[in-house]
Every structure is written in C-alpha cells, then in structure tokens.
Amino acid sequence: MNGLSVSELCCLFCCPPCPSRIAAKLAFLPPEPTYAVVPEPEPVGSTSSLRGGTAGRWKLHLTDRADFQYAQRELDTIEVFPTKSGRGNRVGCMYIRCVPGARFTVLFSHGNAVDLGQMSSFYIGLGTRINCNIFSYDYSGYGVSTGKPSEKNLYADIDAAWQALRTRYGISPENIILYGQSIGTVPTVDLASRYECAAVVLHSPLTSGMRVAFPDTKKTYCFDAFPNIEKVSKITSPVLIIHGTEDEVIDFSHGLALYERCPKAVEPLWVEGAGHNDIELYSQYLERLRKFISQELASQRN
C-alpha cells in the first residue's frame, strides 16, 4: 500500500491537475519585487547599442526591503541584466564577482518567497567564503522576471540562465557548480540531468511534489510535479546533498531518498537539529561546502 486513502486516490486519478496545483501552491510564493533593473545609456555607436536587446549595460536598484548588508563597493560588484527564456519570458539575471579570477562560478537557484534583491547579500557572503563567483536568476513571476511561475517555466528559466552564463561570460561547464535550494533543486536537478558540469549541490531538496503534498506516496505518478527522484539518477556530475534533520517544510526523508538514488553522490551533510531555513547558520554548512569545492572537486580533476 502507498498510504493514500481511496478518496485521495480517486481525486488524483479523476482530477490529475490536483497534485500539481497543490505542489504549485506549496512552491510558488513570489514576493513583491525588492529590486529593479534599469538600462544604462550606451555611448552612440557602441556595439551593444547597435545590437539592441539585452546585451547592454543595466543598473541594479535595490529597495529597502532587499535589506542589503554591504556598502557601495560590494554593490558595484553586482551585474544585472535580463535575458529571454525559450517560453518567451524575460528572466532577470545577477552575476556577482565575489572573487575575481575564481575557478568556479555557482549557478544558484534560490528558494521560495525571495527574489534576487533579497538574496544579493547572502550571495556576496557565500561566494566570498567559498571562493566562488555567483550567478543567479529569478523564476518567471519573481522579481523583474515576467510570466507566471510554473514547472515548465522553471526548466525554461534555468536553461536561459545557463545559456547566459555560458555565452555572456564565456564560462565553461566544467567550471560551473549548479546549486539549488528547496524549490530551486527542481530546475537544478533537471538541468544537471541533461548537462555535465563541475558539480551539483542540493540544499533541502524535495523528491517530488506529490511526496511533499502526500508524504506516504511511494511511487511517481505520471501527473506528479517536480519529479527530482526520477531525474537524479541521470546526473553525471558529483552531487552534494545537504538537509536539516528537523526540516518542517520538506522532510529529511526527501534528502535521504535522493542520496540513495543518486549514483554520483558524495558524502552528504545531514545537519542535526536544523530546519528548512536555518542550515546556513550552522558552522558545518560552510565547512562542508569549502571541503567539497576546494578539496574533493580539485582531486577529481587531477
């Protein structure tokens, strides 16, 4: 038995959109935008002004609600620009040169109910401490990104971010670490199952939408949303899974299940007593990331 009642099973099979709607309700809570991206005038005759589109220079304007923790000097290390997804949405992107000349760039897919403005201070602190540059983007319907949040848009959004990081900055896949947090593990796993990269970090990941909505679900239904559990086995890059043992939003069992299913998993980090939103406050979080990036990835390449 999979633990679902007869009435729940009837609901699922008679109304397939039901679990997707439940999962979407759990997953997508875009905040009021905390930033704007404003085009800067290009000198007449410059190549980017002649090209038009999204290739020019853009300025980041943060609101007070972004709660930026640093000074103008750090703000000046942040580049922002829009790109376009394959589904026609504008996708806001952010590139932070935390460590000029860093070997790795982290392509970070953030969690729920935040946007790039709110995440910018965290990115600066994280990149500086793990010796990486950070590239991130907002999902459709978040921040300056247009459209509505949906599963299909998540996959198109990270594809657009990946292409922008590759083409605009010329960064090779072997120097890109894909990092997903919470709902951000969904596009991260999808992309990592299709492209090889330096490594993958899954922070408080979910196995699938159905398994979040109905914890006793044991199999993946054809109409399930966010089926990480079915894609993680296709990842060919090293995978570090991080999960709090007291996670109140996505149960710790999700991290364990993904670890067991992932053939390229490295030693995971199970943070004793941590919940869904406080893993970063534990000292072993940065310690494990540093060891993974500076020692384990370096030894794999040699």
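Residues numbered from 1 in each chain as written. Predicted model: local features only at pLDDT ≥ 70, side-chain atom pairs only at ≥ 80, totals over all residues. Heavy atoms only, no water.

An unreviewed UniProt entry lists the protein under the name palmitoyl-protein hydrolase, with Chrysemys picta bellii given as the organism. Looking at the Catalytic activity (unreviewed entry) heading of the UniProt record, one finds this comment for the protein: "S-hexadecanoyl-L-cysteinyl-[protein] + H2O = L-cysteinyl-[protein] + hexadecanoate + H(+)". Per UniProt, the protein carries the Sequence similarities (unreviewed entry) text "Belongs to the AB hydrolase superfamily. ABHD17 family." (UniProt positions renumbered as here; feature names shortened; annotations may be inferred.)

1. A closer look at the overall build of the protein
Within the protein, the regular secondary structure consists of 11 helices and 10 strands. Across the 302 residues of the protein, 54% fall into the buried class. Intrachain contacts of the protein at a sequence separation of at least 6 include 70% that bridge at least 24 residues. (Helix = DSSP H or I, 4+ residues; strand = E, 2+ residues; numbered from the N terminus. Buried < 20%, exposed > 50% of the residue type's maximum accessible area, 1.4 Å probe, protein only. Contact = heavy atoms within 4.5 Å.)

2. Quick notes on the pairing of strand β7 (residues 176-181)
In terms of burial, β7 is a largely internal element, 6 of the 6 residues being buried. Strand direction decides the pairing type here: strand β5 (residues 105-109) and β7, joined by 5 bridges, are parallel. Within β7, the position partnered with Leu 107 by the bridge is Leu 178. In terms of strand pairing, β7 meets strand β8 (residues 199-203) through 5 bridges, oriented parallel. (Pairing = 2+ DSSP bridges.)

3. What to know about the layout of surface pockets
Taken as a whole, the second largest pocket encloses approximately 340 Å³ of empty space. In this structure, the second largest pocket is lined by 17 residues; those nearest its centre are Arg 57, Trp 58, Lys 59, Ile 78 and Glu 79. The set of elements that each furnish at least two residues to the lining of the second largest pocket consists of β2 (58-62), α4 (72-75), β3 (78-84) and α6 (151-169). Among the residues making up the lining of the second largest pocket, the classes are represented as 7 nonpolar, 3 polar and 7 charged. (1 Å grid on protein atoms, 1.4 Å probe; cavity = no way out; pocket = protein on both sides within 12 Å on 5 of 7 lines; lining within 4 Å. Points joined across faces, edges and corners; volume = space filled by probe spheres on them. Nonpolar A, V, L, I, M, F, W, Y, C, P; charged D, E, K, R; others polar.)

4. Focus: the pattern of salt bridges
In this structure the tally under the stated criterion is 8 salt bridges. The salt bridge involving Glu 79 is made with Arg 97; its shortest N-O contact spans 2.9 Å. Residue Glu 79 is found in strand β3, and its partner Arg 97 is found in the loop between β4 (90-96) and β5; the two are separated by 18 residues along the sequence. Note on Glu 79: relative accessible area 27%, which makes it partly exposed. Note that Arg 194 and Asp 159 form a salt bridge whose closest N and O atoms lie 2.8 Å from each other. Of the two residues, Arg 194 sits in the loop between α7 (185-192) and β8 while Asp 159 sits in helix α6, which places them 35 residues apart along the sequence. Judged by relative accessible area, Arg 194 falls into the partly exposed class, the value being 39%. Residue classification places Asp 159 among the partly exposed positions, given a relative accessible area of 25%. Salt bridges sharing partners connect three or more residues here, namely Asp 159, Asp 190, Arg 194 and Lys 231. (Salt bridge = Lys/Arg side-chain N within 4 Å of Asp/Glu carboxyl O.)

5. Topic: the packing of aromatic side chains
For the coordinates displayed, the defined rule picks out 16 aromatic pairs. With 4.1 Å between their ring centres and 35° between their planes, Tyr 95 and Tyr 169 make a pair best called tilted. Of this pair, Tyr 95 sits in strand β4 while Tyr 169 sits in helix α6; the two residues are 74 residues apart in sequence, bridging distant segments of the chain. Just as Tyr 95 is buried, Tyr 169 falls in that class too. With centroids separated by 5.1 Å and ring planes inclined at 80°, the aromatic side chains of Phe 252 and Trp 270 adopt a geometry described as edge-to-face. (Phe/Tyr/Trp six-rings, centres within 6.5 Å; stacked < 30°, edge-to-face > 60°.)

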